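Secondary and tertiary structure notes
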Amino acid sequence: MIKLNKLVYAFGVLVLFTQMAFSQAVRPNVIIIYADDLGYGDVSCYGAKKVATPNIDKLAKAGTRFTNAHTTSATCTPSRYSMLTGEYAWRKPGTGVATGDAAALILPGRSTLPLVFQKAGYKTGVVGKWHLGLGPQGGPDWNGEIKPSPLDIGFDESFIMAATGDRVPCVYVENRRVVNLDPADPIKVSFKEPIGNEPTGRANPELLKMKHSHGHDFTIINGIGRIGYMTGGKSARWKDEDMADIFTEKAVSFIEKHQAEPFFLYFSTQDIHVPRVPHERFTGKSGMGPRGDVILQLDWTVGEVMKTLDKLKLSNNTLVIFSSDNGPVVDDGYHDQAVELLNGHTPAGALRGGKYSAFDAGTRVPFIVRWPGQVKAGVSNALVSQVDLLASFAALTGQKFEASTAPDTKDYLSAFLGRDKKGRDYLIEHAGAFSIIKGDWKYIEPSKGQKMSVQTNTELGNSPQPQLYNLAKDIGEKNNLAEINPEKLKELQVVLQEVKEK
Ligand code: NG6
Ligand code: CA
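Quick notes on the rules
- Residues numbered from 1 in each chain as written.
- Chains lettered and ligands numbered in written order.
- Predicted model: local features only at pLDDT ≥ 70, side-chain atom pairs only at ≥ 80, totals over all residues.
- Heavy atoms only, no water.
- Core = buried A, V, L, I, M, F, W, Y, C linked by side-chain atoms within 4.5 Å.
- Buried < 20%, exposed > 50% of the residue type's maximum accessible area, 1.4 Å probe, protein only.
- Helix = DSSP H or I, 4+ residues; strand = E, 2+ residues; numbered from the N terminus.
- Contact = heavy atoms within 4.5 Å.
- Pairing = 2+ DSSP bridges.
- Axes fitted to C-alpha atoms, helices over the stretch in contact; angles between N-to-C directions.
- Phe/Tyr/Trp six-rings, centres within 6.5 Å; stacked < 30°, edge-to-face > 60°.
- Lys NZ or Arg CZ within 6 Å of the ring centre and 35° of its normal.
- Parallel < 35°, antiparallel > 145°, perpendicular 65-115°, else oblique.
- Left-handed = near helix turned anticlockwise from the far one by under 90°.
- Donors = N, O, S within 2.8 Å, 3.2 Å for Na, K, Ca; no water.
- Tetrahedral: all angles 85-135°; square planar, octahedral: opposite > 155°, others 65-115°.

It is worth spelling out the nonpolar core at this point. Counting 102 residues, the largest nonpolar core has Trp-130, Tyr-266 and Phe-322 as its most contacted members. Top element by residues in this core is helix α6 (residues 289-311). It accounts for 8 residues. If sequence neighbours within four positions are ignored, Phe-322 has contacts with Ile-33, Ala-35, Leu-38, Ile-56, Leu-59, Leu-298, Val-302, Pro-366, Phe-367 and Ile-368. In this structure, Ile-436, Tyr-443, Leu-468 and Leu-492 belong to the second largest nonpolar core, which totals 19 residues.

Below you can see the structure in the form of structure tokens.
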């Protein structure tokens, strides 16, 4: 009898431990490190030879590196909108590249990626680039309480720049307030007419430490012309050189603070977007000018996050995703020698196009998932889309979400964990023109847009003719097979139309 009791007890303990291990396994910490404008060929684990990214490579070596992962759009705001809401951005007007004073695009009352985690009992945080608007219609009150903000749609903590490094206001926003703002020197921002009397890049180019190549000739902040006019807020203005350090420090302290509870961190780096202004530790280190140097800085950032997880013994219980919001661009509006010092580097790898483009370089991005013990080391060719993170993490954490507000996100957890090697049947991309990838095939809808962006020297993928490519044989989208394969063309057109009309 005693023996039996002991056996029952031992069994009970075993069950308890298994349950504990399981419940821990399904509530890992989750960190998304989301780079800006990082191309498919910009990191060494995706084939870059002229620049080395040892920390990102290490992540890839320990996890699954995806070769066929996609953003929903070839620019920032719509990609992020789709990832955080589970709704293709093109369903909602006004989700193109947002100005610096845009009103909040994601409003309370709908499912969001951070809300999924919050409901599952996670502490949630966003650090870095936001670019999804803030405040009510008409834009936020930079000198008062900023609402709606990330805090109203599922984030417990937020330390962000409102839009981009090249747009005013050039200040950090922590939770609901601009950091270090002197009330006696209020911030004013305008994207329409000049305000204040500060020098602009257009009127005072002699004051610039980095000259603009196109656009970026409004108010000069920290020696760099920006998009938009700004006056006031002198004590709150950022110094671009310190930005990677500041964001990294905020990300690390979020992890430290919440080390004892499940957390979700959306760490959205300003690197490698323009203006590319590395800290002096990285200046000149890549031999490729500032664009290469900020790739090194980004890699350092990733290393700091990994070091923190190791130090706190959180690595095994943390699922880390590393990706980008859209493809690469070399000259995005500043003379920063990116073109001259490219040195044979191919930011898009073998893909055609780049940021802004319907060709695949616009939307096919590096995507790495590391979760030791759960995600095998290796490479996956599964077709995955960032729009599916919401439903997939809802599945992982056992949460429901509002399918009516998140109509496009689907549970592909098993593909993201490297187990299902197929992924989606098809996915939609948007860059002015719509594209659909289905199996090996990609169709780009006819569009009237320009063929080339002369300013950025990017092939935009627009054509008045339908385009059909076999990506398995022709990853560079060189041979348009629309005419010789009308059945495949029709098949993809029908599916695209169905999704658009859904
Ligand atoms: C463009 C900017 C470009 C960049 C982009 C947004 C000009 C001439 N070009 O309008 O520099 O800021 O918007 O990039 O102003 S994104 O990655 O945030 O989508
Ligand atoms: Ca971007």
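Here the narrative resumes, following the displayed structure.
This next bit is on the sheet that holds strand β2 (residues 64-66). If you walk across this open sheet you meet the 10 strands as β7-β6-β5-β4-β12-β1-β13-β14-β2-β15, and the pairing is mixed. The outermost strands of the open sheet, each flanked by one partner alone, are β7 (177-178) and β15 (378-380). Relative to strand β14 (residues 367-370), β2 is paired through 3 bridges, and the arrangement is antiparallel. Across the sheet, the residue bridging to Thr-64 is Val-369, located in β14. Strand contacts of helix α5 (residues 243-257): β1 (29-35), β4 (123-129), β5 (157-161), β6 (172-174) and β12 (263-268), with the helix running at about 175° to β12, the strand carrying the most contacts. Across the sheet, α6 touches β1, β12, β13 (318-324) and β14, and the angle it forms with β1 is around 170°.

This paragraph deals with the side chain of Glu-157. Mapped onto the fold, Glu-157 is located in strand β5. For Glu-157, the contacting residues outside a window of four places in its chain are Thr-124, Gly-125, Val-126, Leu-151, Asn-175, Phe-254, Lys-257 and His-258.

Below, the discussion takes up the packing of aromatic side chains. Here the structure, examined in full by the defined rule, presents 20 aromatic pairs. Ring centres 6.1 Å apart and planes at 80° place the aromatic pair Phe-159 and Phe-247 in the edge-to-face group. Separated by 88 residues along the polypeptide, Phe-159 in strand β5 and Phe-247 in helix α5 bring together distant segments of the chain. Connected via pairs of aromatic rings, a cluster forms that spans Tyr-34, Phe-117, Tyr-122, Trp-130, Phe-155, Phe-264, Tyr-266 and Phe-393. Across from the ring centre of Phe-218, 5.2 Å away, lies the NZ or CZ of Arg-202, which sits over that ring. One residue, Arg-281, lies across the ring of Trp-300, its end atom 4.7 Å from the ring centre.

Turning our eyes to something else, we now look at the packing of α5 against α6. Two elements in contact, α5 and α6, have axes whose closest approach is 10 Å; the angle formed by their N-to-C orientations is 20°. With respect to α6, the element α5 is oriented roughly parallel. Here α5 and α6 pass one another in a crossing that is right-handed. Here Ala-244, Asp-245, Thr-248, Val-252, Ile-255 and Glu-256 of α5 lie close against α6, whose contacting residues are Gln-297, Trp-300, Thr-301, Glu-304, Val-305, Thr-308, Leu-309 and Lys-311.

A few words now on the coordination of the calcium ion (ligand 2). Each protein donor to the calcium ion (ligand 2) is listed here as Asp-36 (OD), Asp-37 (OD), Asp-325 (OD), Asp-325 (OD) and Asn-326 (OD1); together their distances run 2.2 to 2.8 Å. Around the calcium ion (ligand 2) sit 6 donor atoms; with metal-centred angles ranging over 50 to 175°, the donor geometry is irregular. Mapping the donors of the calcium ion (ligand 2) onto the primary sequence gives the spacing D-D-x287-D-N. In this pair, the class of Asp-36 matches that of Asp-37, namely buried.

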